[in-house]
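Here's the letter readout for the chains.
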Amino acid sequence: MNVLKKLFQSTPAVANAPVRPKVADTPGRFDYASNYQNLTDKLKVQYDYDKAMSLAVGGEYYLIGALEREVLVQCGMKDDSYLIDVGAGSGRLAYALKDMPNLRYLGIDVVPELLQYADKRCARSDWKFEPITGLAIPEGDGQADIVCFFSVLTHLLHEESYRYLQDAKRVLKPGGRIIFSFLEFSVDLQWNIFENMIQQSIDNTEHPLNMFLSTDGVQTFAKHLGMKVVLIHKGDHLFIDIPNPLSLEDGRVINKGTHAFGQSICVLEKE
């Protein structure tokens, strides 16, 4: 098992993860923003600020951001693309992209403080970081080249994921792409996430909400969205070309070469 597989088994799908959502005042709705903010506040008490901002999006700030960047590049992002980063958090991906001078970028999240941190770290006056409260993307129709959801749909109910994908399609140009990560039972290295969920009491509100999708489910989503499935990489599929070694926070090193992402990756195209 390579280092990346071990990493994703030991830190399962926690990027941008709220605790199990509490019911909001409106029946049938969950107060995700409040739960995200509560998690961030707890981390700030336990750790120094930079560490808390990293853990708020799952840790390994530099490593995972670099991997996400490589996924986007290999799946069609260009130097002058307009990218919308849903669940941008404290800027793990944005920081990895900040040296692409012609890249247009919008990062959205439900915790304003995380976005403020990302904005400060990236120091790109031409980029936008906007807080949101629902499942809509604050952009006009047909504007973006790519909309990405890294470790976002993994923490939403299926109907919420579908609504988000619908809105992502709306903001895409013709030929634009949605790139998202997801958990699926058929990938052995993700099974431990489900086993951890079994051990957690359903009444315990301190654990993340993790949701699984199947490849068939993703393909069904695409069919009803009217979008083309460009590719699906299983979480253990070696497809990410890493040009230089990457360091983990514990000192381990991921050597250059081809690696798996851990979560499965899907690319949909607007026709």
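Above this text is the structure in question.
Peer 1: Would you take a moment to explain the overall build of the protein chain for this structure?
Peer 2: Secondary structure summary: the protein chain contains 9 helices and 11 strands in total. Of all 271 residues assigned to the protein chain, the portion counted as buried reaches 53%. A separation threshold of at least 6 residues defines the contact pool for the protein chain, and within that pool the share at least 24 residues apart is 71%.

Peer 1: What am I meant to see in the packing of helix H7 (residues 158-171) against helix H9 (residues 215-225) here?
Peer 2: Angle between the axes and distance between the axes are the two parameters that describe a pair of packed helices. In the contact formed by H7 and H9, the axes pass within 11 Å of each other and the chain directions differ by 45 degrees. Taken as axis vectors, H7 and H9 run oblique relative to one another. Taken as a pair, H7 and H9 cross one another with a handedness that is right-handed. Of the residues in H9, those in contact with His 158, Ser 161, Tyr 162, Leu 165, Gln 166 and Lys 169 of H7 are Phe 221, His 224 and Leu 225. The residue makeup of the contact of H7 with H9, split by class, is 4 nonpolar, 4 polar and 1 charged.

Peer 1: Please explain the pattern of salt bridges as it appears in this structure.
Peer 2: Where charged atoms of side chains with opposite charge meet at close range, the side chains can pair. The tally for this structure, following the rule as stated, stands at 13 salt bridges. In this structure, the salt-bridge partner of Lys 44 is Asp 41, at a minimum N-O distance of 3.6 Å. Highlighted residues: Lys 44 and Asp 41, both in helix H2 (residues 32-46), separated by 3 residues, approximately one helical turn. Looking at Lys 44, the relative accessible area reads 30%, which means it is partly exposed. By relative accessible area, which is 30% here, Asp 41 ends up partly exposed. A salt bridge links Asp 99 to Lys 98, with the shortest nitrogen-to-oxygen separation between them at 3.4 Å. Connected through shared salt-bridge partners, Asp 41, Lys 44 and Glu 113 make up one network.

About the cut-offs
Residues numbered from 1 in each chain as written. Predicted model: local features only at pLDDT ≥ 70, side-chain atom pairs only at ≥ 80, totals over all residues. Heavy atoms only, no water. Helix = DSSP H or I, 4+ residues; strand = E, 2+ residues; numbered from the N terminus. Buried < 20%, exposed > 50% of the residue type's maximum accessible area, 1.4 Å probe, protein only. Contact = heavy atoms within 4.5 Å. Axes fitted to C-alpha atoms, helices over the stretch in contact; angles between N-to-C directions. Parallel < 35°, antiparallel > 145°, perpendicular 65-115°, else oblique. Left-handed = near helix turned anticlockwise from the far one by under 90°. Nonpolar A, V, L, I, M, F, W, Y, C, P; charged D, E, K, R; others polar. Salt bridge = Lys/Arg side-chain N within 4 Å of Asp/Glu carboxyl O.

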